[in-house]
Amino acid sequence: AKTPVAFKRARQLGVKLTLVDDASMAGYAKGMKVDRFVGIEGFGHVSVRSQGDVYAAVAEATTRCGAHEAEGCHLGGYDGVFTLVEDHGPLVSFIAERMQLVGSPFEASKAARSKYAVRQAMRRAGMNVPRFAMIESAGGLRAAAEAVRFPAFIKPVFGVQATFAAKVKDMDELEATYARFQEQIDVLHHPIYHHGKEMILEQLLSGPEIQLEMMVSGGKVVYHCFSSQYSPSRDSLMFPTVLSPSDKEGLLDVSTRMLEAVGLTHGVVHLELFLDPVLGPQVIEVNNRLSRGFLPQRFLHQAIFGEQHADYYGSVFALALGKEPAFVQRSGPPLHMALYLDKPSTEWWRTDPKDAPNRGWEAEGPCGVFFGASPQHAVARGQAFQRESIQHYKRSLVDQQDAVLLLGVLGLAVLSMRLFFVGIW
């Protein structure tokens, strides 16, 4: 719910919104001036496990005014339904089917929310996928390890914000990591785990990580934008990307085929992919919602750095209404940006899972920001800075070694003089 840009854009476009969320969000809904608020106690749990109850509350709201809507509230039905949170993708499809609104099939949305179901759908479609195995309990760890082999990557089947995800190099580390994650998973902080605490073990992928935004209408991809790219070592991030046309074509093809295999037909979809040097383009995960990243937050971001210039929130509303999204095709953005971390970490996900909104790459400390007229130009400037930083660090180490050596020589000299003057020399 706490996405003020969405409410602001809705007011600009004249879109009337009914916000469905936890009852504790009533004050926020009033402050955002939403047209209607449907508050449900324990919404995180209810939205995942009791979708029929949410539908009943939403349907009832069409017949009466809410607590703070005594004046001027609108009654009647709905024209569309959407979410900005991947947890609620299945709920949105559930409501859309019962109200005969536009949306992806309920079964497809459920599959998209499960990393294991997505892998299964891709395999059934004959797509090239990394080795993977479900882990339903500690008793299944060894079988999963034998199927996937090490090194591997473990993560929740129903995960969110990259929490409880880690590389594992051997059986001991897998067992310890699994036990720790199972103990730490807390449905109060992440209601998605009301779906279950099962985990998936996958073949470890490598290469640059790509963020891809797609808009789907009637089962067809009507818009796509490669929004950003992490370097293989995750020490830099580029907006939009430095991909070649052939790399983009391969990534778009595997993404489109994945959507068809899963069955998603409507809405905005955010994908994360690896361009693996051995397996080629690989989908990491699919999120049936708008990106939370840099580009959607401001029109200025999109205008300057977006590969395509899109009205992201306006498109969310349009697709929910069965209309075409609003965007402008162009050959590329007028400016490119590259960010280089000053002190990159190789274990960026090993942080407190309860601090998910403030964790990961973006919380790793200071970075250098470089702009260029092309992606190659921005990256070259960042790499030059990085090389200079490394050389400066090496020079500082040499200076430190020289200082230590000088102190050692001075120390020996002082000791020799002291021994001489006391007559022991």
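Refer to the structure above for everything that follows.
To keep things clear, this report deals only with the structure shown in the data block. (Residues numbered from 1 in each chain as written. Predicted model: local features only at pLDDT ≥ 70, side-chain atom pairs only at ≥ 80, totals over all residues. Heavy atoms only, no water.)

1. A short note on the pattern of salt bridges
Under the counting rule described, the total for this entry stands at 13 salt bridges. The residue Arg113 makes a salt bridge to Asp87 at a minimum N-O spacing of 3.5 Å. One end of the pair, Arg113, is in helix H6 (residues 106–113); the other, Asp87, is in the loop between helix H4 (51–60) and helix H5 (89–99), and 26 residues separate them in sequence. Asp87 matches Arg113 in its accessibility class, with the two residues each being buried. A salt bridge links Glu175 to Arg142, with the nearest nitrogen and oxygen atoms 3.9 Å apart. Of this pair, Glu175 sits in helix H9 (residues 171–184) while Arg142 sits in helix H8 (residues 141–148), and the two are 33 residues apart along the sequence. Among the residues examined, Glu175 registers a relative accessible area of 34% and is labelled partly exposed. Residue class for Arg142 comes out partly exposed when judged on its relative accessible area of 48%. Residues joined by salt bridges that share partners form a network here, namely Arg119, Lys155 and Glu202. (Salt bridge = Lys/Arg side-chain N within 4 Å of Asp/Glu carboxyl O. Helix = DSSP H or I, 4+ residues; strand = E, 2+ residues; numbered from the N terminus. Buried < 20%, exposed > 50% of the residue type's maximum accessible area, 1.4 Å probe, protein only.)

2. Things to note about empty space enclosed by the protein
Enumeration over the complete set of coordinates arrives at three cavities of 30 Å³ or more. Taken as a whole, the largest cavity spans an internal volume of roughly 240 Å³. Around the largest cavity sit 19 residues that line it, and Val81, Phe82, Val92, His266 and Gly267 are the ones nearest its centre. Along the lines of polarity and charge, the residues of the lining of the largest cavity split into nine nonpolar, nine polar and one charged. What the second largest cavity holds in volume is close to 60 Å³. Around the second largest cavity sit Ala112, Arg113, Lys115, Val118, Arg119, Val283, Ile284, Glu285 and Val286, which together line it. Mapped onto the lining of the second largest cavity, the elements with two or more residues apiece are H6, helix H7 (115–124) and strand S11 (280–287). Residue contributions to the lining of the second largest cavity peak at four residues, all from S11. Of the residues that constitute the lining of the second largest cavity, the class distribution is five nonpolar, no polar and four charged. (1 Å grid on protein atoms, 1.4 Å probe; cavity = no way out; pocket = protein on both sides within 12 Å on 5 of 7 lines; lining within 4 Å. Points joined across faces, edges and corners; volume = space filled by probe spheres on them. Nonpolar A, V, L, I, M, F, W, Y, C, P; charged D, E, K, R; others polar.)

3. As for the nonpolar core
Among the nonpolar cores identified, the biggest contains 52 residues, and Ile154, Leu201, Met258, Leu271 and Val286 are the most heavily contacted of them. Ranked by residues supplied to this core, first place goes to helix H10 (residues 245–262) with five residues. Apart from residues lying up to four places away in sequence, Met258 is in contact with Val118, Met122, Met127, Leu271, Val283 and Val286. Grouped together as the second largest cluster of nonpolar side chains are 27 residues, Ala29, Phe37, Cys225 and Leu339 included. (Core = buried A, V, L, I, M, F, W, Y, C linked by side-chain atoms within 4.5 Å. Contact = heavy atoms within 4.5 Å.)

4. Quick word on the sheet that holds strand S10 (residues 267–276)
Spatially, seven strands are ordered S11-S10-S7-S8-S9-S14-S15 in an open sheet, and the strand pairing comes out antiparallel. At either margin of the open sheet sits one strand with a lone partner, and together these are S11 and strand S15 (367–372). Taking each pair of neighbouring strands and ignoring which way they run, the sheet shows an average axis angle of 25 degrees. By the bridge criterion, four bridges tie strand S9 (residues 236–239) to strand S14 (residues 336–341) in an arrangement that is antiparallel. The partner of Ser236 across the bridge, within S14, is Tyr340. Along the sheet face, H10 touches strand S7 (209–217), strand S8 (220–230), S10 and S11 and points at about 125 degrees away from the line of S10. In this fold helix H12 (residues 312–320) packs onto S7, S8 and S10, with an angle of close to 40 degrees to the strand it touches most, S7. (Pairing = 2+ DSSP bridges. Axes fitted to C-alpha atoms, helices over the stretch in contact; angles between N-to-C directions.)

5. Things to note about unusual backbone geometry
Most peptide bonds adopt trans geometry, and most residues besides glycine take a negative phi value. The omega angle of the peptide bond from Phe150 to Pro151 is -5 degrees, so this bond is cis rather than trans. Among the secondary structure elements, Pro151 is positioned in the loop between H8 and strand S4 (152–156). Cis peptide bonds are those with omega within 30 degrees of zero, and the linkage from Phe239 to Pro240 qualifies with -5 degrees. If you trace the backbone, Pro240 turns up in the loop between S9 and H10. One non-glycine residue, Gln100, lies in the positive phi region at around 55 degrees. Examined against the element boundaries, Gln100 turns out to sit in the loop between H5 and H6. Even without glycine at this site, Phe164 takes up a positive phi of about 55 degrees. Position of Phe164 relative to the elements: it lies in the loop between S4 and strand S5 (166–168).

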